[in-house]
Amino acid sequence: MSLFELHYDVPGDDFTRAGEASGDVKAHLKKLGFDPSTVRNVVIALYEAEINMVIHAGGGEIAVSVDPDCIKMELTDHGPGIPDIELAMTEGYSTAPDNVRSLGFGAGMGLPNIKKYTDEMVIESTVGVGTTMKLRVDVKE
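Residues numbered from 1 in each chain as written. Predicted model: local features only at pLDDT ≥ 70, side-chain atom pairs only at ≥ 80, totals over all residues. Heavy atoms only, no water.

> Just to check I follow, could you spell out the overall build of the protein chain for this structure?
Each helix and strand counted, the protein chain has 5 helices and 5 strands in total. Its helices and strands in sequence order give the protein chain the pattern β-α-α-β-β-α-α-α-β-β, from N to C terminus. Relative to its length of 141 residues, the protein chain is compact, with a C-alpha radius of gyration of 14 Å against a globular reference of 14 Å. Over its C-alpha atoms, taken along the principal directions, the protein chain stretches across nearly 40 × 30 × 25 Å. Counting all 141 residues of the protein chain, 44% fall into the buried class. By sequence separation, contacts in the protein chain at least 24 residues apart represent 63% of the contacts at least 6 residues apart. Accessible surface, the protein chain: about 7500 Å² in total, of which carbon and sulfur atoms supply 51%. Charged side chains of the protein chain number 12 positive and 23 negative; the gap between the two group centres comes to 6 Å. (Helix = DSSP H or I, 4+ residues; strand = E, 2+ residues; numbered from the N terminus. Rg over C-alpha atoms; globule rule 2.2 N^0.38 Å. Buried < 20%, exposed > 50% of the residue type's maximum accessible area, 1.4 Å probe, protein only. Contact = heavy atoms within 4.5 Å. Areas by Shrake-Rupley, 256 points an atom, 1.4 Å probe, with all protein chains shown as cover. Lys, Arg positive; Asp, Glu negative; His and termini not counted. Charge placed at Lys NZ, Arg CZ, Asp CG, Glu CD.)

Following this line, the structure appears as structure tokens:
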């Protein structure tokens with residue numbers, strides 16, 4: 001049974017608003033007294049995924065389900081899709097354009113970091129249709 005759910009619209013190409021969803025989730029989890037390592041893992045994974053939506057997909061939607069034993073996040077976009085997920089998971093691999101890299105983003109660590117900080121990561125992507133990422137972070141005690 002879910003304690004509560006949160007929903008966010010992530011605007012595309014707006015780096016000034018990137019991170020709003022992960023910041024709001026952090027505030028909710030801290031207020032509820034979740035373990036700091038759980039909060040850290042959720043926020044890092046969600047921020048990386050949120051930034052990827054801004055850089056590569058023109059934004060999208062995020063749904064977060066907070067349960068007593070885990071935090072589940074589902075991110076959906078209607079961007080170009082990921083043609084080779086295995087390659088995209090390689091540390092340092094990036095398709096970010098130069099203007100994004102000049103802002104300090106696009107180092108190719110987003111997906112590897114998401115995997116590192118989650119207990120489950122599932123990516124479903126269709127080129128020309130979009131990507132859905134399902135993430136789970138187990139609650140630490």
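Following the structure, the description resumes.
> Please clarify how the side chain of S65 should be interpreted in this entry.
Examined against the element boundaries, S65 turns out to sit in strand 2 (residues 59-66). Judged by its relative accessible area of 15%, S65 falls in the buried class. Apart from residues no more than four positions distant in its own chain, S65 is found in contact with S2, F4, E5, C70, I71 and K72.

> Got a minute to help me understand the layout of surface pockets in this structure?
Where empty space is left in the structure can be found by rolling a water-sized probe over the atoms. Size it by volume and the largest pocket reaches roughly 660 Å³. As for the largest pocket, its lining consists of 33 residues, and the residues nearest its centre are N52, H56, I82, T95 and L111. When residues of the lining of the largest pocket are traced back to their parent elements, those giving at least two are helix 2 (36-56), strand 3 (70-76), helix 5 (110-117) and strand 5 (130-138). A per-element tally of the lining of the largest pocket places helix 2 first, with 8 residues. Taken together, the residues of the lining of the largest pocket break down into 18 nonpolar, 12 polar and 3 charged. (1 Å grid on protein atoms, 1.4 Å probe; cavity = no way out; pocket = protein on both sides within 12 Å on 5 of 7 lines; lining within 4 Å. Points joined across faces, edges and corners; volume = space filled by probe spheres on them. Nonpolar A, V, L, I, M, F, W, Y, C, P; charged D, E, K, R; others polar.)

> It is not clear to me how the pattern of salt bridges should be interpreted in this structure. Could you clarify?
Pairing between side chains of opposite charge can happen when their charged atoms approach one another. Under the counting rule described, the total for this entry stands at 4 salt bridges. Salt-bridge contacts for R136 lead to E120; the nearest nitrogen and oxygen are separated by 3.1 Å. Of this pair, R136 sits in strand 5 while E120 sits in strand 4 (residues 120-126), and the two are 16 residues apart along the sequence. Taking the shortest distance from any N to any O, the salt bridge between R136 and D138 comes out at 2.7 Å. A single salt-bridge network, built from bridges that share partners, covers E120, R136 and D138. (Salt bridge = Lys/Arg side-chain N within 4 Å of Asp/Glu carboxyl O.)

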